[in-house]
Amino acid sequence: MIDIQNLHFAYKKKKVFTGLSLKLQPGHIYGLLGKNGTGKSTLLRNIAGMLFPDQGKINVLNYTPGERKPAFLQEVFMVPEELYFPDIPLEQLLKYYAPFYPRFDREQFERYITEFEIPRDNSFLRMSYGQKKKVLISFGLASNAAVLLMDEPTNGLDIMSKSQFRKVMAGSLDDNKCIIISTHQVKDLENLIDRITIIDQGHILFDQTIEAITRKLSFRISFDSEEVRDALYSESSLRGNAIITANTEGEESKLDLELLYKAIILKRESIESVFNR
Amino acid sequence: MNQVFDFKRWLLLVGKHWSENSKKYTLSLAAMLALMVIWYSFVLLLEPRNPYPEEMQVATYYIGMAIAGCLYASLFFADLSSGPRAMHFLSVPASHFEKLLTGLFYAVILFFVCYTLIFYLVDFIMISIANGIESSSEARRQAGLIYEKRMFNVFTQPLGYNHGGTPLYLYFLVIYFNVQSAFLLGSVYFPSYSFIKTCIVLLLLFLFGVLLIGTVLNGLLPDGWFHQGLFSYAIYEEGATEVRGVRLPDWVGVVSKYLAMYGFLPIFWTATYFRLKEKEV
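Residues numbered from 1 in each chain as written. Chains lettered and ligands numbered in written order. Predicted model: local features only at pLDDT ≥ 70, side-chain atom pairs only at ≥ 80, totals over all residues. Heavy atoms only, no water.

Examining the sheet that holds strand 3 (residues 224-226) of chain B
Residues and elements named next belong to chain B.
Link 1 in the chain: With antiparallel pairing, 3 strands are arranged side by side in an open sheet as 3-4-5. Looking at which strands have only one partner, the edges of the open sheet turn out to be strand 3 and strand 5 (244-247). With strand direction ignored, the average angle separating the axes of adjacent strands in the sheet is 20°.
Link 2 in the chain: In this structure, strand 4 (residues 232-235) lies alongside strand 5, joined through 4 bridges in antiparallel fashion. Note that in strand 5 the partner of Ile235 across the bridge is Arg244. (Pairing = 2+ DSSP bridges. Helix = DSSP H or I, 4+ residues; strand = E, 2+ residues; numbered from the N terminus. Axes fitted to C-alpha atoms, helices over the stretch in contact; angles between N-to-C directions.)

A closer look at the sheet that holds strand 6 (residues 147-151) of chain A
All names here are of chain A.
Link 1 in the chain: Pairing is mixed in the open sheet, where 6 strands are placed in the order 5-6-7-3-8-9. The sheet terminates laterally at strand 5 (76-79) and strand 9 (203-209), the two strands that pair on one side only. Between one strand axis and the next, the sheet turns through 15° on average, direction left out of account.
Link 2 in the chain: Along the sheet face, helix 6 (residues 159-172) touches strand 3 (28-33), strand 6 and strand 7 (178-183) and points at about 155° away from the line of strand 7. (Contact = heavy atoms within 4.5 Å.)

Quick notes on the environment of Cys114 of chain B
Residues and elements named next belong to chain B.
Link 1 in the chain: By the element assignment, Cys114 lies in helix 4 (residues 96-135).
Link 2 in the chain: Here Cys114 falls in the partly exposed class, since its relative accessible area comes to 23%.
Link 3 in the chain: Sequence spacing of Cys114 and Leu29 is 85 residues, and the spatial spacing of their C-alpha atoms is 7.9 Å. (Buried < 20%, exposed > 50% of the residue type's maximum accessible area, 1.4 Å probe, protein only.)

Re the domain arrangement of chain A
Residue and element names in this part refer to chain A.
Link 1 in the chain: Each assigned domain of chain A is listed with its residue range as follows: domain 1 (2-85 + 140-201) and domain 2 (211-276).
Link 2 in the chain: Spacing between the C-alpha centres of domain 1 and domain 2 amounts to 27 Å.
Link 3 in the chain: Taken together, the contacts link 11 residues of domain 1 with 10 residues of domain 2.
Link 4 in the chain: Regarding the contact of domain 1 and domain 2, the summed buried area is about 940 Å², with carbon and sulfur atoms giving 71% of it. (Domains from an automatic or database assignment. Buried area = accessible area lost by both parts, 1.4 Å probe.)

Structure follows, in structure tokens:
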């Protein structure tokens, strides 16, 4: 569905990607994680055709994004971090903007709007940032575009909204859709994504499915000092020591995304060694 | 589905643009109408007996149109100057050609029609008022000194002036549309202050043209002067009783004239299209 080959990209002299390659398949929600300024938004914009690669190729549904053909734009919807929607009421948004998306489902949109508790008669100007974001997310999901790109979608959402967001997202995935969520708030994506891609300094540090991660790694709280010492990664917390160990017994544990993220950033080699076994 | 132009999709884009900008456009048209009424009232106060001669109406129409039309064109693609707005604009599922065509429809055609309607509405009302004031003077009526003002068709030859068989208003229109298309290109090219920057670029191009003719061409040619345009040149020879001249074939002049009049529009519009295509956010 999305095939990125040897992507090179730079903002004038500041190199962001130097040969990044990545393949993304439909039917998954991908979590694109990384520190600020590592190129997550740049990657999404390259996929959306808003930026053009300096070198390399991007293929999205057999289209070259940079050409921005209407058929491509119908299939790719982006929810940017800094969003803009014209100051019109929701009804007008549906009347004038939705027809551009041939598979737009009004009922679906209404359902999401209800779920997010968005007042229907408000125009965009009167909405809070979080409400605007929720409308845009609802619109993107209801457009039924094959590729949905979300850049920091939980920024500006309150605790309840984040929970609503996870619920809505979990129910919206089907076999034909590919959803990519870029964020540095890793906790917000727990129980939502099924593949994690971590970018750092223009390279992919880590790219695994949740299923593979939970099969190979074990996440738990430990009070055993020996176990803590032998762990792939450990971190002291109020409850004890949060550790990651190799899952040799095939036990089930709850993935701690934030812990994993820190482990990959700080102890990448030891984590990788488990996956290379 | 055609990826370059689809009429239904283009209509959707035109409708979308209207839904997003209708308030702004209605207010702008009202402001334009108000400004024109103020200007006509000012002229009436200055010259109550003959406030609106042909020249005044023509000048008001064309100068007003040039200022307002170029300003509007320079703002048309202003969304591209801000990241989130540019992303919204570029990600609407329509082709670059359709987006350009929407720009041309609003900034060139619809603006021209609306401006002309507003001009004639104000022209009609103000001339009626001026005639009413004039005819209310009993003394002048009795003396037979009533001077009736008439609306002037700005698309006919004004002032009895004729230039090489081409009516003057046609030159005004052509210059206006050419300059406006440059401002439309400027709105895509310059992310900020596009009106001012386009003005500066056009001024520099004009100065460059003057410099080219005044310095470079004059340096290449023998002593003399351009005679009846740029395509015939009279050579100055000391002591000669007759003026000798060089004249390019007539067709060169005709082709150049039509290229200058109608060639810039497609060039600027094509450049706008490609600039839209290569725009990044």
